[in-house]
Every structure is written in C-alpha cells, then in structure tokens.
Amino acid sequence: MNSNTPPSTSVAAGSVDPSVARRNSKRPKYSRFTQQELPACKPILTPRWVISAFLLVSIVFIPIGVASLLASHDVVEIVDRYDTACIPDSARNDKVNYIQSPGNKTCTRNITVTKHMKKPIYVYYQLDNFYQNHRRYVKSRSDAQLRSNGSADDVSSCEPEDKSNGQPIVPCGLIAWSLFNDTYDFSRNGQQLSLNKKGISWKSDREHKFGKNVFPRNFQNGSLIGGGSLNDSLPLSEQEDLIVWMRTAALPTFRKLYGKIEDDLQVNDVVMVTLENRYNTYSFNGKKKLVLSTASWLGGKNDFLGIAYLTVGGLCFFLAMVFTVVYLVKPRKLGDPSYLSWNRNSGWH
Amino acid sequence: MAGGGKKKRRHLFKRVHDSSFRQESFQDEHFLIGGPGFSRIVFCNDPDCPDAASLGYGGNYIRSTKYTLASFLPKSMFEQFRRVANVYFLICGLLSFTPLSPYSAASTVVPLVVVIGITMGKEIIEDWRRKKQDIEVNNRKVKVHKGDGVFDYTKWRDLKVGAVVKVEKDEFFPADLLLLSSTYDDGICYVETMNLDGETNLKLKQALQVTLNLTEESSFKDFKAIARCEDPNANLYSFIGSLNIGQENYPLTPQQLLLRDSKLRNTEYVYGVVIFTGHDTKVIQNSTAPPSKRSKIERRVDKIVYLLFAGLVLLSVIGSVFFGIWTSYDIEGGAMTRWYLRPDDTTIYYNPKKAGIAAILHFLTALMLYSYFIPISLYVSIEIVKVLQSVFINQDQEMYHEETDQPARARTSNLNEELGQVDTILSDKTGTLTCNSMEFIKCSVAGIAYGRGVTEVERAIARRKDTPLEEEKGGEVEDLTEAKSSVKGYNFIDERITDGNWVNEARPDLIQKFLRLLAICHTAIPEVDEETGRISYEAESPDEAAFVIAARELGFQFFERTQTSISLHELDTLTGKTVERTYKLLNVLEFSSTRKRMSVIVRNDEGKLLLLTKGADSVMFVRLSRDRNEFVEQTKEHVNEYADGGLRTMVLAYRELNDDEYSEFNEAFTAAKNMVTGERDELIEDVEEKIERDLILLGATAVEDKLQTGVPDCIDKLAQAGIKLWVLTGDKMETAINIGFACSLLRQGMKQIIINSEAPEAKAMEKTEDKSATDAAAKASVLHQIAEAKAFLDESSESPEALALIIDGKSLAYALEDDAKNMFLDLAIGCASVICCRSSPKQKALVTRLVKVRTGGTTLAIGDGANDVGMLQEADIGIGISGYEGMQAVMSSDIAVAQFRFLERLLLVHGHWCYRRISSMICYFFYKNLAFGFTLFYFEAYASFSGQAAYNDWYLSLYNVFFTSLPVIALGVFDQDVSAKLCLRFPLLYQEGVQNVLFSWSRILGWAFNGVVAATCVFFFCVRALETQAFRKGGEVVGFQVLGATMYTCVIWVVNCQMALSINYFTYIQHLFIWGGVIFWYIFLLAYGAMDPDVSTTAYMVFVEACAPAVMFWFVTAFVLVSSLLPYFIYSAIQMRFCPMYHQMIQWIRNDGQSDDPEYCKMVRQRSLRPNTVGFSARFRQSMRFEENSEPTLQFERTEE
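Quick notes on the rules
- Residues numbered from 1 in each chain as written.
- Chains lettered and ligands numbered in written order.
- Predicted model: local features only at pLDDT ≥ 70, side-chain atom pairs only at ≥ 80, totals over all residues.
- Heavy atoms only, no water.
- UniProt positions renumbered as here; feature names shortened; annotations may be inferred.
- Helix = DSSP H or I, 4+ residues; strand = E, 2+ residues; numbered from the N terminus.
- Buried < 20%, exposed > 50% of the residue type's maximum accessible area, 1.4 Å probe, protein only.
- Contact = heavy atoms within 4.5 Å.
- Pairing = 2+ DSSP bridges.
- Phe/Tyr/Trp six-rings, centres within 6.5 Å; stacked < 30°, edge-to-face > 60°.
- Expected span 1.5 Å × (residues − 1).
- Polar contact = N/O pair within 3.5 Å; in protein donor to acceptor, adjacent residues only side chain to side chain.
- Salt bridge = Lys/Arg side-chain N within 4 Å of Asp/Glu carboxyl O.
- Axes fitted to C-alpha atoms, helices over the stretch in contact; angles between N-to-C directions.
- Parallel < 35°, antiparallel > 145°, perpendicular 65-115°, else oblique.
- Left-handed = near helix turned anticlockwise from the far one by under 90°.
- Nonpolar A, V, L, I, M, F, W, Y, C, P; charged D, E, K, R; others polar.
- 1 Å grid on protein atoms, 1.4 Å probe; cavity = no way out; pocket = protein on both sides within 12 Å on 5 of 7 lines; lining within 4 Å.
- Points joined across faces, edges and corners; volume = space filled by probe spheres on them.
- pLDDT = per-residue confidence, 0-100.
- Buried area = accessible area lost by both parts, 1.4 Å probe.

- As recorded in an unreviewed UniProt entry, chain B goes by the name Phospholipid-transporting ATPase, listed as coming from Trapa incisa.
- Check the Sequence similarities (unreviewed entry) section of the UniProt entry for chain B; it says "Belongs to the cation transport ATPase (P-type) (TC 3.A.3) family. Type IV subfamily."
- Per UniProt, chain B has the following entry under Function (unreviewed entry): "Involved in transport of phospholipids."

- For chain A, an unreviewed UniProt entry supplies the name ALA-interacting subunit and the organism Trapa incisa.
- UniProt, in its Sequence similarities (unreviewed entry) section for chain A, records the words "Belongs to the CDC50/LEM3 family."
- Here chain A is described in UniProt, under the heading Subcellular location (unreviewed entry), as follows: "Membrane".

1. Side note on the overall build of chain A
Then, number 1: Of the regular secondary structure elements, chain A holds 9 helices and 11 strands.
Then, number 2: Expressed as a percentage of its 349 residues, the buried residues of chain A come to 52%.
Then, number 3: Intrachain contacts of chain A at a sequence separation of at least 6 include 79% that bridge at least 24 residues.

2. What to know about the pairing of strand β32 (residues 833-837) of chain B
Residues and elements named next belong to chain B.
Then, number 1: Within β32, 5 of the 5 residues are buried, which leaves it mostly tucked inside the rest of the structure.
Then, number 2: Strand direction decides the pairing type here: strand β29 (residues 724-728) and β32, joined by 3 bridges, are parallel. Note that in β32 the partner of Val727 across the bridge is Ile835.
Then, number 3: Looking at chain direction, strand β31 (residues 803-808) and β32 are connected through 5 bridges and run parallel. Its bridge partner being in β32, Ile807 is matched across the sheet by Cys836.

3. Details of the packing of aromatic side chains
All names here are of chain B.
Then, number 1: Following the criterion strictly, the structure yields 94 aromatic pairs over all chains and no others.
Then, number 2: Ring geometry for Phe220 versus Tyr271: centroids 4.7 Å apart, planes at 50°, classification tilted. In this pair, Phe220 sits in the loop between β7 (202-206) and β8 (225-229) while Tyr271 sits in strand β13 (residues 269-276), placing the two residues 51 residues apart along the sequence.
Then, number 3: Judged by relative accessible area, Phe220 falls into the buried class, the value being 0%.
Then, number 4: In this structure Tyr271 comes out as buried when scored by relative accessible area, which is 1%.

4. Brief notes about helix α9 (residues 355-369) of chain B
Then, number 1: Over its 15 residues, α9 of chain B extends 20 Å from the first C-alpha to the last, a length consistent with the 21 Å expected when each residue adds 1.5 Å.
Then, number 2: Listed in full, the buried residues belonging to α9 of chain B are Ala355, Ala358, Ala359, His362, Thr365, Ala366, Leu367, Met368 and Leu369 of chain B.
Then, number 3: Looking at the packing, one finds that the buried side of α9 of chain B touches α3 (135-139) of chain A together with α4 (84-95), α8 (296-328) and α28 (902-942) of chain B.

5. Concerning the UniProt feature "domain: P-type ATPase N-terminal" (unreviewed entry) in chain B
Then, number 1: Annotation from UniProt places "domain: P-type ATPase N-terminal" (unreviewed entry) at residues 42-108 of chain B.
Then, number 2: Helix makes up 46% of residues 42-108 of chain B and strand 4%, and the two end C-alpha atoms of the span are 59 Å apart.

6. Thoughts on the environment of Arg278 of chain A
Residue and element names in this part refer to chain A.
Then, number 1: Within the element layout of this structure, Arg278 appears in the loop between β10 (270-276) and β11 (288-293).
Then, number 2: Residue classification places Arg278 among the partly exposed positions, given a relative accessible area of 40%.
Then, number 3: As a C-alpha pair, Arg278 and Phe180 span 98 residues in sequence and 8.5 Å in three-dimensional space.
Then, number 4: Setting aside its immediate chain neighbours within four residues, Arg278 contacts Ile99, Asn181, Asp182 and Thr183.
Then, number 5: Among the polar contacts listed, one links the side chain of Arg278 to the backbone oxygen of Asn181, at a separation of 2.9 Å.

7. Observations concerning the UniProt feature "active site" (unreviewed entry) in chain B
Then, number 1: Here the UniProt-annotated "active site" (unreviewed entry) positions come out as Asp428 of chain B.
Then, number 2: Within the structure, Asp428 of chain B has its side chain in polar contact with the side chain of Thr432 of chain B (distance 3.3 Å).

8. So, the pattern of salt bridges
Then, number 1: Going through the model one piece at a time under the given rule, you end up with 54 salt bridges over all chains.
Then, number 2: For Asp83 of chain A, the salt bridge identified is with Arg81 of chain A, shortest N-O distance 2.7 Å.
Then, number 3: Looking at Asp83 of chain A, the relative accessible area reads 3%, which means it is buried.
Then, number 4: One salt bridge connects Lys166 of chain B with Glu217 of chain B, and the closest N-O pair in it is separated by 3.0 Å.

9. What about the packing of helix α30 (residues 965-974) of chain B against helix α35 (residues 1068-1090) of chain B?
Residue and element names in this part refer to chain B.
Then, number 1: α35 packs onto α30 with a crossing angle of 160° between their chain directions and a minimal axis gap of 8 Å. When the axes of α30 and α35 are compared, the pair comes out roughly antiparallel. Relative to α35, α30 is oriented so that their crossing is left-handed. Taken together, the residues of α35 that come into contact with α30 (itself represented by Leu966, Pro967, Ala970 and Phe974) are Ile1069, Gln1070, Phe1073 and Ile1074.
Then, number 2: Among the residues forming the contact of α30 with α35, the class breakdown is 7 nonpolar, 1 polar and no charged.

10. Considerations on empty space enclosed by the protein
Then, number 1: One number sums up the size of the second largest cavity: a volume of about 150 Å³.
Then, number 2: Lining the second largest cavity we find 16 residues, and of these Trp202, Val244, Arg247 and Lys256 of chain A together with Val1037 of chain B sit closest to its centre.
Then, number 3: For the lining of the second largest cavity, the secondary structure elements donating two or more residues are α7 (240-246) and β9 (254-261) of chain A.
Then, number 4: The leading source of residues in the lining of the second largest cavity is β9 of chain A, at 3 residues.

11. Structural notes on the environment of Glu606 of chain B
Residue and element names in this part refer to chain B.
Then, number 1: Considering the arrangement of structural elements, one finds Glu606 in the loop between β25 (597-603) and β26 (609-615).
Then, number 2: Residue classification places Glu606 among the exposed positions, given a relative accessible area of 62%.
Then, number 3: When the C-alpha positions of Glu606 and Asp686 are compared, they lie 29 Å apart, and in sequence the two are 80 residues distant.

12. Remarks on helix α25 (residues 841-855) of chain B
Structurally, the α-helix is built with 3.6 residues per turn, so residues lying three or four positions apart point the same way.
All names here are of chain B.
Then, number 1: Given a rise of 1.5 Å per residue, 15 residues ought to cover 21 Å, and the 21 Å separating the end C-alpha atoms of α25 matches this to within 8%.
Then, number 2: Of the surrounding elements, those touching the buried residues of α25 are β17 (422-427), β29, α23 (809-815), α24 (818-830), β33 (858-863) and α26 (869-874).
Then, number 3: The first or second residue beyond α25 is Gly856, which carries a positive phi of 75°.

13. Digging into the confidence of the model for chain A
All names here are of chain A.
Then, number 1: Scored by pLDDT, chain A has a mean of 84; 88% of the residues are at 70 or more.
Then, number 2: Scored below 50 in pLDDT, residues 1-23 shows 61 contacts in the model against residues more than four places distant or in partner chains.
Then, number 3: Between residues 334-349, whose pLDDT stays under 50, and residues either more than four places distant or in other chains, the model counts 43 contacts.

14. Comments concerning the interface of chain B and chain A
Then, number 1: Counting from both sides, the interface comprises 153 residues of chain B and, opposite them, 124 residues of chain A.
Then, number 2: Summed over both sides, the interface of chain B with chain A buries roughly 12,500 Å², with 61% coming from carbon and sulfur.
Then, number 3: The interface formed by chain B and chain A contains 4 salt bridges.
Then, number 4: Note that Glu161 of chain A and Arg342 of chain B form a salt bridge whose closest N and O atoms lie 2.1 Å from each other.
Then, number 5: When residues of the side of chain B that touches chain A are assigned to their parent elements, the largest contribution, 17 residues, is made by helix α38 (residues 1111-1138) of chain B.

15. Side note on the packing of helix α33 (residues 1001-1026) of chain B against helix α34 (residues 1040-1062) of chain B
The description of two helices packed together rests on the angle between their axes and the distance between the axes.
Residue and element names in this part refer to chain B.
Then, number 1: Direction vectors running N to C along α33 and α34 enclose 145°, while the axes themselves pass 10 Å from each other. Judged by the sense of rotation from one axis to the other, the crossing of α33 with α34 is right-handed. From α33, Trp1007, Asn1010, Ala1014, Val1018, Phe1019, Cys1022, Val1023 and Leu1026 reach across to α34, where they touch Leu1043, Thr1046, Met1047, Cys1050, Val1051, Val1054, Gln1058 and Ser1062.
Then, number 2: Partitioned by chemical class, the residues of the contact of α33 with α34 number 12 nonpolar, 4 polar and no charged.

16. Overview of the sheet that holds strand β1 (residues 77-81) of chain A
What links the strands of a sheet is backbone hydrogen bonding, and the strands pair in either a parallel or an antiparallel sense.
Residue and element names in this part refer to chain A.
Then, number 1: In spatial order, the strands read β1-β11-β3-β9-β8; together these 5 strands make up an open sheet with antiparallel pairing. The open sheet has two free edges, formed respectively by β1 and β8 (195-196), since each of these has just one partner strand.
Then, number 2: Strand direction decides the pairing type here: strand β3 (residues 121-127) and β9, joined by 7 bridges, are antiparallel. Across the sheet, residue Gln126 finds its bridge partner in β9, namely Arg255.

Listed below in structure tokens is the structure:
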C-alpha cells in the first residue's frame, strides 16, 4: 500500500535536521518486558541438579513404593473362576445353548480362605472380554430418562432397546438391557453370611443420576431378553446393581462391586457360594469370576504400583550413582567442539 | 556532476533549462486522444454539470482496507479455509453432527470457532488500523473553488473530478491535478515525490502558457475548459491529454500533472484541476500488494502437518480394519457373539453383515477421533507468537535510531524466524552501507592538495597496514567528526583555504575560479529559510549538493536561481567584502553516463562568456588544453591518491569563449534540441563535444561517500556468524572496490577475481562491428573469464576464503543467462565476498533469485531506494532502510530498520531467538499432541476400535485451546537460550539457525518419539496401576470416568512439566502459565464436575467424589509424571554434559561464570571467531600472518582472439 502519511524527515542536502522538537517521539519506551530483560531463572542441567533430582526422586519414590507394596500385600484377595465350572459336564460342548435354555442353573462353589480377612470384605464379579467401552454400548443409555420421571420418552439414544411394544423402556438402552444377573449367596459352615448390598454404588449416582421417582417400566419385555430384570416397585435410585452396572467399565476386563460381607473371615474358613449362573458370557468366550477381597488404604491388591515406584526409585538412585561417577571420572571436555554436527559439514568457508 | 551514476532520474530536471524550447504543438501520441484508452473527459471548474455527472467518475474517497462490513465474513472465511488444517477441522465439525461422531458436535465446533475467531479478530484489528488511516487521509482538507471566485476548505473525499483546488506550500496534492498556475510568473512549481519513487530531490512542473494568468482566486469565476486525456493507469511518468479552452486545443504532458501523495515545495501555492480522483490516481493504481512470503519453517510445518495427517490416516486405517474384523465376528454362524451390542438389530455403522461398509464409515469416525494429532491451535498460536515477537522487534531500544527518530519496524510478522536462518545477505551500497551523504573532504587546486580530513577508507587502510596512524589520529579524528557535524555534506578542514584565507595562497585567482565554478556549475536549487536566512540546497545527487555546500562554506554562496540566471554572494578579492554577483545562465550541457561530465555556459558581470566544466578524470584530462596547463601531473597524482582513499573525484576546468564561438555553438545546440528525430541526443552530444575542449585545468575535488556508523563492525560480526555478504551496487567498479575495502569486505591478502566486459578491445569493437557480434564476443569473453576463475578456484580450494569476486553489470547480464548462471554461481559461492557493480535493479533481483533458488539458503536483501524494490521483494526477507530515501523500499520491505548496523542485532539476537522460539514451540506442539493423541489410540485398542474416546468430550476439546496453549505461547514469545549480550559475543551461535539444527527432521522426529513415549507411559502405567482392583478404601473400582480423568490429569502434568524441563528461561510469566495450566485443569474439573449431570455427563463429581479422596489417584499421577519425563531427562542430562550444542556451551560458560573456566570460554569464543572470511578481524589475523604480503590482483581480462 502506498503511504498517505508524510514522511517524518525530509533530507534536504545541506540543511540541518529541523525535527529537533519531534526528537524521540518514536523512541520505544523502556521496560524490562519490552526489552526482554525480565528477571528469570535460567536453569540448566548441571551435574549438581541432575544428581539432586535423581536422588530426590529415589528418596521420595522408594518409601512410596515400599508402602504401596506393603499395602498391596496386606490385602487378601480370593478369585474364583466359575464360568466353566458351573456348567454341567454334559453341557460343556455347547455352553451357549445351556445358558440360553431355561432351567435351574444353580451352582455351588466352595472357597477356602487362605488368610485372615477383615471386614468389610468386598464381593466383586469380574467379567472378561466384555466391551462395556464399546461406542455403541456406551452411548446406548438415556441419562435424562434415568433422572426424572418426565423424560421417560427420551429414548432416542437407546436404540435398539428404546421401545418395546410401542412403549418406551425404562431404563432404556443396551447397558441396562444387558444387566448382569448372576447372583451369589454366601454361607460359612452352613450359616448364612449376610451380604450388604447397600452403598455399593457411587453416592452421586444414587442421589443425582438415578431418580427417586423413576421406576422400571416395560423392562425386558422385548422379543429378546438380555440380562437381568428389575424390581418394578423399587425406584432406580435404589437399584444399586443397576447403578453399578451402568457405570461402565473402561476396559474389557473389569470387576464390579456386588456387595460387602460385614464379617471377618478366618484362615481355612470355607465359604460356600450358591450362585445362579444366568449371565451369558459364553457367546463371546468371556470368563466369569467371583472375587472376595479386602481393601487397604490404597485399594485392592495390585503390586504394580509398588514395584513400579521401587523400580523407578531404584533406577534413579542407580543413575545418580552413575552420573556421580561419570562426572568425577570424566569431567567436561575442554577444547574440542568439533563434534558439533554442523561443524562437520561446515557451510561457510 | 558526479561520476558515480546514482539512481536518480534526470529527465525531469533537464527541463529546468529546456523550458524555453518547449513546443506547444501536438506530436507523437496525442492523436490517440478520444480513442480507446484515452477517453477521459474532464469539465474543468464545472464538476457538477450534467455532462460530468453522466460520466460517473468516482469520488476521491480512498479505501485501503481489505474488507468491508459486507464482504468481511465471506472473504475472511475464504482466507481461513485455504489452510488445509482448517478445512480438515471444518469437515470434522460438520461430520460431528452425524452419528459418526465419537463425541458431541459442540465440543468439536467450539475450538474451531475459537481458533477461527481469534484469527478473524486479528484481521479485524489490522483492518481497523488501515481504516483509521483511511479516515485520516479522507478527511484532510484542501481549498476548493466553490464558484464565483470563492475558495473554501473541503474534505479530500468530497473532491470531484473537474474541481479547481488551491494547494499551498508543503501540502500534499489531494488527487492527480492538472497544474494551471502557480505563484511563479512562468507557472512553475517544485514538487517532492518522495512518497512515489523515493527520490528526495525536487521535480519541476510547469503550467501551460495559456493558463498562466489564472493567479487570483477571482480569476476562476469564469474559467471554463475541457480536458481530454488518457484513462487511469499506473504509469507514473507518462501522461497524454489535451486541454480545450475556447476554440483552441493545447497538449498536456506529464509536465502539467501533479500526482497525489507528492508534496508542493518551494512554491507558495498552485491552482490545479482535479483530473483523477481516488482509486483512479496514478499512485493508487500503482500500489500493488507486496508478495506474501512464507518462512521456510512454516513450509516445513506444513510438511509435518501432512506427515501427521498421514499418520492419522494410517492409524485410522489400522483402527478401521480391526474394527471391521471385530464387528464381523459379532455374528458367527448366525449366532450373536457380543450379544450385548445387539448386532442383530443395528445401524449400518455396526452391522456385522456389512462389516466392510461399517469399517469404511468407521474410518471417518477415526479420522475425527484422532484429530488431536493435528494441533488445531498450532497456526493461530504461531500467529499470535509472531505478532508478539514483532512487537519486541519494534520495541527494541537498541534498534532505535536517534537522528531519524526511527525504531525498527517489522511490517510483516511472518518472517521472524527466517531472520535466524539467513545464509546470504545481498546489500545495496549507497544509502545502505554508506550514508548517501557526500562530504566534501579534499581538493586539489593549482597542483596543491588541500584538506586534512581522514576518510573511513584511509583509516581502514591504516588499520590494514597496522600502522600507528589509527592510534595517533584516532582521537583527533573523533574531534573532527564532532566539530564538523554542524554542516552536513562538508568536512573540509584546511586553514589555508577556510575563512577566506585562500587569498593569501600562491594562486588565489585559480582558487577563486575553482570555488566559483563549484558554485555555478550544477543544477541544484537553493532554498532559503526565511527565519534564519540559511540557505539549503535541493540537488539531484548528494555529491552535487556537497559541491554547492562547500562553495557556500568557503565564501561563494549560491542563493538564487532563475530560469536564466544564477546569483552568488562572493568575496571580492580586491575590497575583501562580500558582494552579490549574478551570472547569466546561457546553456546547461547535461550530465550523462556516457559523457561523464557536465558544463554550463554563463556570462559574468563583465560580459565575459565562460564555459565551466566538471567531470570524471578519464574524460577531463583528454579535453585539457595542451599548452596552457601547468598542473596536470600534480593533479593527476592527487586524483589517484584520492581514489585510493575511497573518494569520489571530479576534475574541474574552464574556458573563456568568445562571442562568435558561442553564437555558432548556440545555433547548432538550439537546432539540435529542437530536432524531433531519434538522432537528437546524438546530435546534441556532438555539439556539446565540440565546445568542451581546450579546457584550462583548475583542480580536482574529492568527496567522501561516508560509510554509515558501525558498518564495518556489523559486517565483521555477520561474517563471524558465517553469513555471506554480497554487495550489489549501481556504482562503478572502482568506487565499489574502495567501499569494499572500507568495510572490510575486501582486504589486501585477498585474491580479487575481476570479471569485466569493459576491456578496451571490446569497446573498440563496439564502434566498428554490428551489435550482435559485439554481444557474442563480449559474452564469450565473460564466459571465458568465469571459467578461468573457476578453474583457479578449484585449484586453490584448500584456502577458498582468500577469494573475492568483483563483476560488473554488463558481465553480470551475460553471467545470469541460463547457460552460464550455474558456473557463475559456483564461482560466486566459492568466493568469500562478491561485489556486483553497475547492476541494474532488475539484475539485483535476478541475482537474488539465483542465489535463493540455486543455493536453497535463506537470502536477505537490504536496500534503501526504489531501485532495490525488486531485490527486496525477491529475497526471502527484504529489509528496508527507513528514514533517508523515502518510502518506496520501506513500503516493499518486510522489516524496516534505520541503519545497516541494526542488522547485527536484528539477525544475531532477534533472528536467533525467534528461530529458536518458533522451532522449539512447533516441536513442542507436535510432542504434546502426539502425547495426547496416542493415549486415545491405545485406548481404542482396548475398546475394540469402536471409536469411543477415553475422555469426556470437553476434556478433549479444551486440551489444545486451554490447558496447554498458554505455556507454548509463552515459550514462543519469551524463551531465550542465551542472553542478547552473549548472542552478540558468540556470533557463531547464529549458525544453529542457518544449519537448521533446531528444526531438523531428526529433532522433530525425536520430539514426536518423545510424545509417543509419554503417551505409552501414561496409558499403560495408568491401566496397569488401576486395572481391575479397588482403587480406594471403599472398595470402588475404576470405571470409565475415573480412568479417563486420571489419564487426562497425567497427560496435563506430563505435558506441562515437559515444557518446564525444556524451557531455558523461567520468568514469572512461564511459572504462571505452566503451573496455571495444571491448576486450571483441577479447577475446571471441579467446576465442570459440579455442574448438572446433564451437562457434565461422565465428569460429574468425578474429582470430588472419586479421584481426590483416592490416594491411588495421586500416586499414579506422581509416578506417571516422573516416569514419562525420565527418558527425556536422562537424555538431556547426558547431552547437555557430554555433547552440548553450541548454545549449551555458552550456557555452561554463563552458568560457570567466566572466571571459573576461562580456557573453555576462550575456546568457545575462538571457535566462534575462526572462520575467517571477511571483516576486519579476519583482516587482522591475516595481517598478523603475512606481515608483508600483498598478493597480486588477478585480473582475468579477455585474451586475444
């Protein structure tokens, strides 16, 4: 673009610059900001810093690792896989058919407690190869419908489990439809172990996501029955199995809380589990496991974090040593920067 | 007139003295009027008549804005979606409204809208600035004839074609005007066209004879005329039209046209008729948008984006194939496997029976899901960063020039980082390296040399010889510089001459004639300051001004010029008083580059006719009278001395004419001038030739073309930084070589390869043979010279730094032809310095292009004048010198600085920083997006590639826009590896940019790899640690929501801490942004989680209820953070210590403190100084090595044929 502003100076040869008055008018103002001189720390990785950092990490990590590992070891966990065991030998060739056919599928499992288990003992079921995180599955629910009675018709996202016989299904969608429905009963020495099924779901779910006045309606009424059915007289907010189930798992192998045994279990106690094996994981070769576990301050049994902390802490300690030695043995090279890559193919002459 | 042909156009000035021969008759193209292209009709002084209205010429309103209110949206949208990445995101945005989308539509569209909105906001701001400028210009006021001889002020924008305006002194012309009359009787006026062509000298315009009498406002009462002329066009130097007054038609020429944006000078006021308004004016027709340039880094960014896009497609394909296979297994043998997905009753997207189609559709979903590989905010972030960077450039006090009140000005912010990669600088000489202010410094009169000033060149030579001259005279020189600063263009110190002392010299008569000649023989125009009475001069070239000024200072004050006379105040030798003398100016024999001299013929008070001549030594000495000259030898000696000192020399001589001789000449001269044939010029030259003979030598002058301050230092630094400097100048070879020495581009130890087509034989041939043969021969000669030089270069390849190539314009023309240019370039690259003299603007641009295209390096062109525009636009970066020569170069430059020496800071500091910032910023961008994107991909593998994102929609979309964007911008704006001081102290650091080590593919891929490593750590450690077991005391297990929030927290931590690790410069701003980003994430999580579950969906209460109370969550975050950063940390600890890059070495030095390890410091610095190419430090080393050597100059002249 052309300039329409007059140039600031005219340089008539021989004349002294007349613009004394205007002098400095365009001089940039000084500030540490504009002159890029802000106070700053300029950290570089000096040996001291590097070694301190490694040592710091190892000092922090090793105790955490030990604590985590101890916590994990304190936890007693008993896992019992029953998907195959609970199918009569005769039906093992066609498990899918067995599970889909009607009839009594009660099955009894005896679990021996290997270590003292303090209450509360959490009962989980663990499914395997079950993609609760599949996009079609995850999306197939209607949060609005779950929350309030008025939104029962809000089933657009629930296809194909949206309506049955022209009526909306409450709760709609694949997640609810495929509700896990194996049940477990525990007894010790012939004595019923009470199972607390309250408070196994997230509080916020019970209070805000599942309505107190929303009742199951038209559920599992379709041509194809998925999983379990619901008690039509209980509001959704009290159907904790459903609430737990509907908090979808992130990974294809997952556990979900079934209940809590509010009793200590002693070593060598034999817990008899009477279970109804109804849920079909056989179609997709999924395993089913029953898990009894205590929990520490860090949660359930998993050594990974402890080991990982220890490994990294140890590695850092090792590196701190190595760097110390190397820095001592081999001080910084003097004199020869010829290894600079761009000195080799020197572009200038 | 000066021997150095400067860029000035002379034809307008010529008319100063031609006016008496002006013919008011129609000729050449005037018959075209009325025909196509020449159809404009202007009803003068009657802009509102119905005929004029029917023509519908536009108003004088100017719009330079890019958009209007209406066109803004479509136009800027179009601009935005020319970027591939934006189109991709637009498509994603559109697709997100379909069921294909893995996330909600709003979460895709919002970031896109934000990003586009910011860019558009920038456009609006820029356009608003232009708008304000427009408003200012459009509302300027000018006096317009309102009828009945009344003039009143009107806004420029309301001006109509045909209106009569009155423009006063020092005002700009509001439109293209037809000059009617001025305060001068003969209707002339002086015009400054600096804004048009950058020329500072005044141009003379003259009204038609017929309108001269319109000098009163009242005389316009009844004035009516019709002008017919050409249609609007962009040619500044042509105008064809005719003016119809009454029954008569008068031809109009450019002489009568006053162009918009030029300024009235030295004239009280003029009257004119508006011919072209607004966008029809020549200056606006001429304005073309400068070519938009993109930096190399940005082009590479495009490539990386394509690469990422390819990666994205690859991952999507992988995902789709697996998805297809998985889906097809959903029904096996008629039975559903994953019955909970209801594969029997499904949409097309999941249909196992049509798994192929499902896979293809899934591909689109995957493209959207993995869009986080492509940083949506990259371009907008880069733009923000660059704008801020250029603010820093503009605000740098070190690049502010006190005298001209000019700060540096980055006109485009596109090229900041390119400044850090310059490989070759192509520089103009005059006005760039030199001040273009000539100083009269020495003279030789009657065989005696006067003047004690020491030139820059002499100082340089002294330095080169390592004689104590510099030390001895250093202080004195400084004093002199200060003392003389009062008079610009004059640096003459010699008590024998000054203050009238010359009358006591041996030959006062000759000195008087000498000075008088200086005062008379020129084409300058005096300008008297009314308040102080001081006289300044408007001259065509600065060296001519220097002569007049010198004459004034020495007592011969030229103070008035009319068409026919020149008046001086001069010292009368007899009375010792100042008297006024007027010389009748009879003829001016023009300067031309072939004549290399100019003369005037005047009649003095006593009636004597004098021919006064000045010219280049080569043409003057042969024209001297053989018998009447005494001092020829001494003068020749002095002239050579001066030339050695880098001065421009001029020889002065005179002759008395007798009346007969003169009248004979005048007749022939007038006749020749009135010729209209093509031979006119030749004839004039012949006539002039005849009279300029038998001259009597008076003496010689020497004018210094002053180097700008700091130029040698700057060149030295640039050379140390490994930047090559080519000088492209219009000057003649000798001058160029002198300047080359002065600024250390050449030094004595260098072998000069001179390629020259002006060998005497070639010249002889020019006369005799036909043109094509001459051309062919000349070309063959040039090629031969180049080949020979090349062979020489190859031989002495072990010390290639000792070569300098000097080539003249004609040879350059041949060398630039297709068949020769490769060889020429090979030769030129092999030489340490290259000087092209006598090169035309076009050649400058061609050389620039050649270097740019063939070497692939980044070129920077720097220049100040209109003749450099081509070069500036052609080069990767064009730098304009602002403040001296007008606006043309600045207007077409990318960055304007006031002085050449600022280049040092601009490149070594700002360039380096910007390069470094942008490249680390981009690398980091890819890192953070890969780190994020790959966690998504890994999760897919665990979700049977169904397209479910691991995170909440809003986590996803805010990742680039909020949680990680500010630290990157802070990095791009503030990071400094090395302070400015150290940048300048270790210029070799600059090579990091030239060699592009910070943005090499290995580095980019390294960062990408680091990103993948981080993603792998984050995902697998999170998954393994959280797995299936309870993750807190209450026995709750990790669901989809918790895993997502945990992983995302880890990513935010890792990415921000990686930034903290890799940053070099931690101000409170960095702290604020980096830790603020992390804290903001937690705040967001809190706030978002507290919202209604309908809004927050999976994020509802996830932090408060699930994550925060779980120790596991914090342990996992800490562990993942440390373990993902560990690889990088180990790598950089080792690299920093054991193979530091150059900037890291300097960081070590800074860190250790100089005293700690002086040897190391010295070594690094030595290393920095080693490549000795040009510059005085190289010269110094050279002189240390070969004390006595002076290698012969190699001259590859044409050999005999």
